[in-house]
Every structure is written in structure tokens, then in C-alpha cells.
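Descriptive analysis of the structure
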Amino acid sequence: MLKNTAKVFRKTTGTGQAIENWREIGEIRCLIVSISFTEGLLGDLAQLKIDYKMYILPEADIKNGDKILSLGQNYIVQKIDNICQMNKVVECLLTKL
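Just so it is clear, the model here is predicted, and its values are computed rather than measured.

Quick notes on the rules
Residues numbered from 1 in each chain as written. Predicted model: local features only at pLDDT ≥ 70, side-chain atom pairs only at ≥ 80, totals over all residues. Heavy atoms only, no water. Helix = DSSP H or I, 4+ residues; strand = E, 2+ residues; numbered from the N terminus. Buried < 20%, exposed > 50% of the residue type's maximum accessible area, 1.4 Å probe, protein only. Contact = heavy atoms within 4.5 Å. Phe/Tyr/Trp six-rings, centres within 6.5 Å; stacked < 30°, edge-to-face > 60°. Lys NZ or Arg CZ within 6 Å of the ring centre and 35° of its normal.

Some words on the overall build of the protein
The secondary structure content of the protein amounts to two helices and six strands. Sorting the 97 residues of the protein into buried and exposed places 36% on the buried side. Residue pairs in contact within the protein that sit at least 24 positions apart in sequence constitute 51% of those at least 6 positions apart.

If you want it as C-alpha cells, here you go:
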């Protein structure tokens, strides 16, 4: 099911600094899918301007605000939902950069 890989980056700069610095923290297995139009109109998804969902394994080191690079596209993790598909995968909500 998780047929792609992605590099995960975490911000290393402090709040309020002009230049953002990112450090690669690892690579994960994932599946990234675009959300449907109707999903995009729902509560959290509309407020956070979510474009994609990413499914990962529960042990993946992912936090809100991490940058994801997969298949040449950059995303920011906006929200993590740990309860998805009977705890076999974790759903993350992404905004495309």
C-alpha cells in the first residue's frame, strides 16, 4: 500500500528568524493522495487549506510542521491523525508548497 518514499525535513531555525533552515531527518515509506473537492470543504481541511493526505507507518518520525519531499513535490505537514485504518497506518494532512 505504501508504495512511495519521501524525505522528511525538520525546521532548525528559531521562531521569528528571517531565513528558514531545514535538516533532513530521514526517509519514510508513504502514499500521498489528493483530497476530493467535497473533503476540501469540510471543517479542519478547509481551515488548514489541506491539499493532500499522506499515509505512513505508525513508527515514522513525523511532526506537525515537517517538510516532506516526495516525487519532486514539497509539502508541509499540517495535522496528524493517529487513528486510521485500525492503527496500521497514520494519516497526515498536507499542504503543497
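Text resumes after the structure shown.
Observations regarding unusual backbone geometry
Its identity as a non-glycine residue notwithstanding, Leu-71 has a phi of 50°, on the positive side. Mapped onto the elements of the fold, Leu-71 is located in the loop between strand 4 (67-70) and strand 5 (73-81).

Comments concerning the packing of aromatic side chains
Inspection of every chain in the model, using the stated rule, returns one aromatic pair. Judged by centre distance (5.2 Å) and plane angle (75°), the ring pair of Tyr-52 and Tyr-75 falls under edge-to-face. Taken together, the positions of Tyr-52 in strand 3 (residues 52-56) and Tyr-75 in strand 5 put the pair 23 residues apart, joining distant regions of the chain. Take Tyr-75: its relative accessible area is 6%, and that puts it in the buried class. Geometry around Phe-9 places Lys-67 over its ring, the cationic atom sitting 5.8 Å from the centre.

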